[in-house]
Protein chains: 2
Amino acid sequence: MAVKQFLKCNVCGKEFEEAVKTVCDECFGPLKVQVNLEQAKEKLTKSVLAQRAQSFWRYFELLPLNEKRNIVDIGTTVTPLVKAERLGKLLGLNNLHVKNDAVLPTYSFKDRPVTVGASKAVEFGYRVFSCASTGNLAASTAAHAAKAGLQCYVFVASNIEESKIASIAGYGPTIISVEGIYDVANRLANEAADKYGWAVMNVNVRPYYQEGEKTLSFETCEQLEWKKPDAVVVPVGSGSLLYEIWKGFEEFEELGFVGKEKVRFYAAQGKGASPLVDAVKNGGAIKPYKEVHTIAKSIAMGAPGDGDAAIRIIRETKGGGESPSDEEILEGIRLLAQTEGILTEPAGGTTIAALKKLAEQGAFDANETVVAYVTGNGLKTVDAIPKAKRASVKPKIEEVDAIIANAHLKQ
Amino acid sequence: MAVKQFLKCNVCGKEFEEAVKTVCDECFGPLKVQVNLEQAKEKLTKSVLAQRAQSFWRYFELLPLNEKRNIVDIGTTVTPLVKAERLGKLLGLNNLHVKNDAVLPTYSFKDRPVTVGASKAVEFGYRVFSCASTGNLAASTAAHAAKAGLQCYVFVASNIEESKIASIAGYGPTIISVEGIYDVANRLANEAADKYGWAVMNVNVRPYYQEGEKTLSFETCEQLEWKKPDAVVVPVGSGSLLYEIWKGFEEFEELGFVGKEKVRFYAAQGKGASPLVDAVKNGGAIKPYKEVHTIAKSIAMGAPGDGDAAIRIIRETKGGGESPSDEEILEGIRLLAQTEGILTEPAGGTTIAALKKLAEQGAFDANETVVAYVTGNGLKTVDAIPKAKRASVKPKIEEVDAIIANAHLKQ
């Protein structure tokens, strides 16, 4: 039987058998997993998919795992694609949708790559999971380790917020707080992982881990009744998510599930951490940032690891990008919550703020189908939520009367 | 055409046309909605359901709304029913499942009743939503008001935590902070609502609002491949949730979707706020508490409004109940997170702690299908999460070595 998947260099195209390997022997380019689509085609049809439960692993044939018994699943589901009628009206878009990944089990899209990375790590025989993270990835890695009954070491920078530590600690990992910034913690995690033979989600099992992200586009197509959107707006840190969403559309096209029309890709980064968007705008190569300054911390990366792949896609599809300021990001959070009832973190606010700027620039036709990807929830970052309008009253109806009269005056 | 739904007194059985009405004219008993199941039967079959999207409103025919155009939906989905293998093994249960409602759009089960209450309020012509709440209900009400483009007034007690205020404020309601405890805020909310003609989710549209909760059992049956579980463990505040889950099973039985076998109901309340569980244990009537003391604040009610209905169900089905201490509740949170990767709030910890006590008492046979309902997420209440084991190190591998050696010694 032919192999289910292999590794392929994303720069020179050289192919390798599946292994714990992340970089090309020839050119040091990043390796990606390529699932054998011919094989998948024989088993997977639209009608087969229609009969399956709405869980993440409904796409098993398209994910880089050989045996179903190795699946580590904490209940990751298909997330809602919300028709954003009120937000769309404000932006002049009649077919705007928001894909809400804030409702995954650990409340960010990270459960997608981690369920694949964790399952593959089990398949490779690892007995310990690890990662370095500032929040979302750590929570997801620790939750999957708990479900698998495996040990977990999470490396964090010593300046991490206590509230984030608490949300990670609940899952019971050993938390190692490293003196210094995130990069220092990351290097130490890799050194320890090498020495002790751990599976580090975003490092040594990264090619498999990343493949989980492409399910975002599989779900989007199914939810649009087997159509691609015309344009998507994606938050960009490393660029991996944008690349994998593109890859998902390509694979569904190759399987004959959707048509050949191209999706335009738009990147959202926070101002102060926008190397990719800068390059998109000025037409040149990506120039890394030495320091990053944005409230959208979960996507603040100076040197995007998959930036080259991401920029190629944006240019080929005639897309674009925007990099809103902190203030615009906060306005983006407010706008989404107050028009669609979805409370997101600053990374999601960045997506919405970029969408707004792009819409105002005329990037989209009014009737195009546009999908904005919201990748994390707002509860982990309530500090970033605009301060409450809060009226304090004695328990007397007259005091309420005054507030209501005032509210009407403001309208 | 026959009506789609009517109101029925849950004490004397008298029936009323649908209206904004919560109490029986004859006996002052609580009114419940009864959907016309004969009518629903003509349109709804298992195969029709199988073809519908996994969204809350897939059960439209069984919900008390006349027109689909009145639906207010922020993306409430079918939530995962997780096979809890590791937790089950610890408790000696081979078929334990956890229904995880922490992943709804505002991160608690309240999105179920509120999407119905809000939609019905729109159908009745209301232009303003309101509620008094300590957290989950307020967030959900404000989010649905945002989606509907309506005004929202949320009443809170002045001693509410700032972090909760922030998570509510994001959706943009007018927050009225009332001097005094929750009950004072609640009375003022009702007075204002009467005066200004607002829809108060848990008060004047309560019978419709409550009906949203029965979808928990519809989903459970579908996810168990059209079977009822043998037993369920449900957190109890007012008792409404337990009643509605029971009602959902009854309706699926009447529609012929599942068999006639009875489900045993077990109630979970926090010690210090357990009037229902006390009555279950001592066999007498419910004696209200004047004061409540438990960390499971979202289910801490001294006088459960639907307690009589809930206790009747528990007794008829030969179920039971347990009321874990604060310490046991925290252990329940830890247990669920560290075996299944699901981080819940104290109410969910109460359910798991009660499940554990009941399992230890031999309430379940090892092979019975048991479902535990986890109704809210842990991020809103991180203060309740057990403190982190956190090791601080310099960025040197030798310091990590020491931690790992230590971790191995502990095993």
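Residues numbered from 1 in each chain as written. Chains lettered and ligands numbered in written order. Predicted model: local features only at pLDDT ≥ 70, side-chain atom pairs only at ≥ 80, totals over all residues.

Trainee: I would appreciate a short explanation of the overall build of chain A in the present structure.
Mentor: When its secondary structure is counted, chain A shows 15 helices and 14 strands. For chain A, whose C-alpha radius of gyration is 22 Å, the value lies close to the compact-globule estimate of 22 Å for 411 residues. For chain A, the C-alpha atoms occupy an extent of roughly 75 × 50 × 45 Å along the three principal directions. Per-residue burial for chain A yields a buried fraction of 58% across its 411 residues. (Helix = DSSP H or I, 4+ residues; strand = E, 2+ residues; numbered from the N terminus. Rg over C-alpha atoms; globule rule 2.2 N^0.38 Å. Buried ≥ 20, exposed ≤ 12 C-beta atoms within 10 Å, placed from the backbone.)

Trainee: Explain the relation of the copies chain B and chain A here, please?
Mentor: Relating one copy of the chain to the other takes a rotation about an axis and a shift parallel to that axis. After a rotation of 180° and a shift along the axis of 0.0 Å, chain B superposes on chain A with an RMSD of 0.0 Å. One copy is carried onto the other by what is essentially a two-fold rotation axis. The position closest to the rotation axis in chain B is occupied by the C-alpha of B:Val103, lying 2.4 Å away. (Least-squares fit on C-alpha atoms with pLDDT ≥ 70 in both.)

Trainee: Honestly, the domain arrangement of chain A in this entry has me stumped. Any pointers?
Mentor: Note on interface size: it is often stated as the accessible area lost on association of the parts. Structurally, chain A comprises domain 1 (81-107 + 211-384) and domain 2 (125-204). Each partner contributes residues to the interface: domain 1 of chain A has six residues there, and domain 2 of chain A has eight residues. (Domains from an automatic or database assignment. Contact = placed C-beta atoms within 7 Å.)

Trainee: Mind showing me how you'd approach the sheet that holds strand β8 (residues 174-178) of chain B here?
Mentor: Backbone hydrogen bonds hold the strands of a sheet together, and the pairing may be parallel or antiparallel. Taken in spatial order, the five strands line up as β14(A)-β8(B)-β7(B)-β6(B)-β9(B) in an open sheet, and their pairing is parallel. Each having just a single partner strand, β14 (390-393) of chain A together with β9 (199-200) of chain B make up the two edges of the open sheet. Inspection of the sheet shows strand β7 (residues 151-157) of chain B paired to β8(B) by five bridges, in the parallel sense. Paired with B:Ala157 across the bridge in β8(B) is B:Val178. (Pairing = 2+ DSSP bridges.)

Trainee: What is the right way to look at the environment of B:Leu44 in this model?
Mentor: Along the chain, B:Leu44 falls in the loop between α1 (37-43) and α2 (46-50). Looking at B:Leu44, the number of C-beta atoms within 10 Å reads 19, which means it is partly exposed.

Trainee: Just checking my understanding: could you explain the pairing of strand β3 (residues 31-35) of chain B for this structure?
Mentor: On any regular strand, side chains alternate: one points to one face of the sheet, the next to the other face. All names here are of chain B. β3 sits mainly inside the fold: four of its five residues count as buried. Bridging between strand β1 (residues 5-9) and β3 involves five bridges; their strand directions are antiparallel. Each residue of the ladder has a partner; that of cysteine 9, found in β3, is leucine 31.

Trainee: Looking at this model, I keep getting lost on the sheet that holds strand β11 (residues 264-268) of chain A. Mind explaining?
Mentor: Residues and elements named next belong to chain A. As summarised here, the arrangement of the six strands in space is β4-β5-β13-β10-β11-β12, forming an open sheet in which the pairing is mixed. Since the sheet does not close on itself, it has two edges, and those belong to β4 (81-83) and β12 (320-322), each with one partner. Taking each pair of neighbouring strands and ignoring which way they run, the sheet shows an average axis angle of 25°. Examined bridge by bridge, strand β10 (residues 231-235) and strand β13 (residues 369-374) share three bridges and lie parallel to one another. Across the sheet, the residue bridging to valine 233 is alanine 372, located in β13. Running at roughly 130° to β12, helix α11 (residues 275-282) makes contact with β11 and β12 of the sheet. Strands in contact with helix α14 (residues 346-360) are β10, β11, β12 and β13; relative to β10, the strand with the most contacts, it is inclined by about 140°. (Axes fitted to C-alpha atoms, helices over the stretch in contact; angles between N-to-C directions.)

Trainee: Help me out: how do you make sense of the environment of B:Tyr289 in this one?
Mentor: Residues and elements named next belong to chain B. Within the fold, tyrosine 289 resides in the loop between α11 (275-282) and α12 (307-316). Taking the C-beta count within 10 Å as the criterion, tyrosine 289 has 17 such neighbours and is therefore assigned partly exposed. Along the backbone, tyrosine 289 and proline 235 are 54 residues apart, and their C-alpha atoms lie at a distance of 17 Å. Excluding its chain neighbours within four sequence positions, the residues that come into contact with tyrosine 289 are Ala273, Pro275 and Gly302.

Trainee: In this structure, what is going on with unusual backbone geometry? I would like to understand it.
Mentor: Residues and elements named next belong to chain B. Although it is not a glycine, tyrosine 107 sits at a positive phi angle of roughly 70°. With respect to the secondary-structure elements, tyrosine 107 resides in the loop between β5 (95-100) and α4 (111-123). Take tyrosine 107: there are 27 C-beta atoms within 10 Å of it, and that puts it in the buried class. Look at glutamate 225: it is not a glycine, yet its phi comes out positive at around 55°.

Trainee: Any chance you could explain the interface of chain B and chain A here in plain terms?
Mentor: Taken together, the contact pairs 66 residues of chain B with 66 residues of chain A. For the side of chain B that touches chain A, the elements supplying multiple residues, two or more each, are α5 (136-148), α6 (162-169), β8, α7 (182-196), α13 (326-340), β14 (390-393) and α15 (397-410) of chain B. At six residues, α7(B) tops the list of elements feeding residues into the side of chain B that touches chain A. Both strand β8 (residues 174-178) of chain A and β14(B) contribute to a ladder of four bridges, which runs parallel. Within β14(B), the residue paired with A:Ser177 across the bridge is B:Ser392.

Trainee: Looking at this model, I keep getting lost on the packing of helix α9 (residues 215-223) of chain B against helix α10 (residues 240-254) of chain B. Mind explaining?
Mentor: Helix-helix packing is characterised by the crossing angle of the two axes and by the distance between the axes. Residues and elements named next belong to chain B. Two elements in contact, α9 and α10, have axes separated by 7 Å at closest approach and are oriented at 55°. Considering the angle they form, α9 stands oblique to α10. Viewed along their axes, α9 and α10 form a crossing whose handedness is right-handed. Between α9 and α10, the residues in contact are Thr215, Leu216, Ser217, Phe218 and Cys221 and Ile245, Gly248, Phe249 and Phe252, respectively. Among the residues making up the contact of α9 with α10, the classes are represented as six nonpolar, three polar and no charged. (Parallel < 35°, antiparallel > 145°, perpendicular 65-115°, else oblique. Left-handed = near helix turned anticlockwise from the far one by under 90°. Nonpolar A, V, L, I, M, F, W, Y, C, P; charged D, E, K, R; others polar.)

Trainee: What should I look at first to understand helix α7 (residues 182-196) of chain A in this one?
Mentor: Residues and elements named next belong to chain A. Compared with the 21 Å implied by 1.5 Å per residue over 15 residues, the 21 Å span of α7 between its first and last C-alpha is a close match. Buried residues of α7: Ala185, Asn186, Leu188, Ala189, Ala192 and Ala193, and no others. For α7, the arc enclosing every buried residue in end-on projection is 165°, short of the 170-degree limit, so these residues lie on one face. Those residues of α7 that are exposed and aimed more than 90 degrees away from the buried face are Asp183 and Lys195. (Expected span 1.5 Å × (residues − 1). Arc of directions from axis to C-beta.)

Trainee: Mind showing me how you'd approach the environment of A:Gln210 here?
Mentor: Considering the arrangement of structural elements, one finds A:Gln210 in helix α8 (residues 206-211). For the pair A:Gln210 and A:Val33, spaced 177 residues apart in sequence, the C-alpha separation works out to 8.5 Å.

Trainee: How do you make sense of helix α12 (residues 307-316) of chain A when you look at a structure like this?
Mentor: Since one α-helical turn is 3.6 residues long, residues separated by three or four positions face the same way. Residues and elements named next belong to chain A. Listing the buried residues of α12 in full gives Gly307, Ala309, Ala310, Ile311, Ile313 and Ile314. Contact partners of the buried residues in α12: α10 (240-254), β11, α11 and β12. Just downstream of α12 lies lysine 318, where phi reads positive at about 55°.

Trainee: I'm lost on the packing of α13(B) against helix α14 (residues 346-360) of chain B in this one. Help?
Mentor: Residue and element names in this part refer to chain B. For the pair α13 and α14, interaxial distance at closest approach is 7 Å and the crossing angle is 90°. In terms of axis orientation, α13 runs roughly perpendicular to α14. Packed against α13, whose contacting residues are Glu328, Ile329, Leu330, Glu331, Gly332, Ile333, Leu335 and Leu336, the element α14 presents Pro346, Gly348, Gly349, Thr350, Ile352, Ala353 and Lys356 at the interface. Class assignment of the residues belonging to the contact of α13 with α14 gives a composition of eight nonpolar, four polar and three charged.

Trainee: Help me understand the pairing of strand β5 (residues 95-100) of chain A in this model?
Mentor: Residues and elements named next belong to chain A. Burial analysis of β5 places five of its six residues in the buried class, which makes it a mostly covered element. Relative to β5, β4 is paired through three bridges, and the arrangement is antiparallel. Among the inter-strand pairings, leucine 81 is bridged to a residue of β5, identified as lysine 99. Pairing geometry for β5 and β13, over six bridges, is parallel. Counterpart to leucine 96 in the pairing with β13 is valine 370.

Trainee: Can you walk me through the confidence of the model for chain A in this structure?
Mentor: On average, chain A scores 93 in pLDDT, and the residues at 70 or more come to 97%. Scored as a complex, the prediction yields pTM 0.94 and ipTM 0.92. (pLDDT = per-residue confidence, 0-100.)

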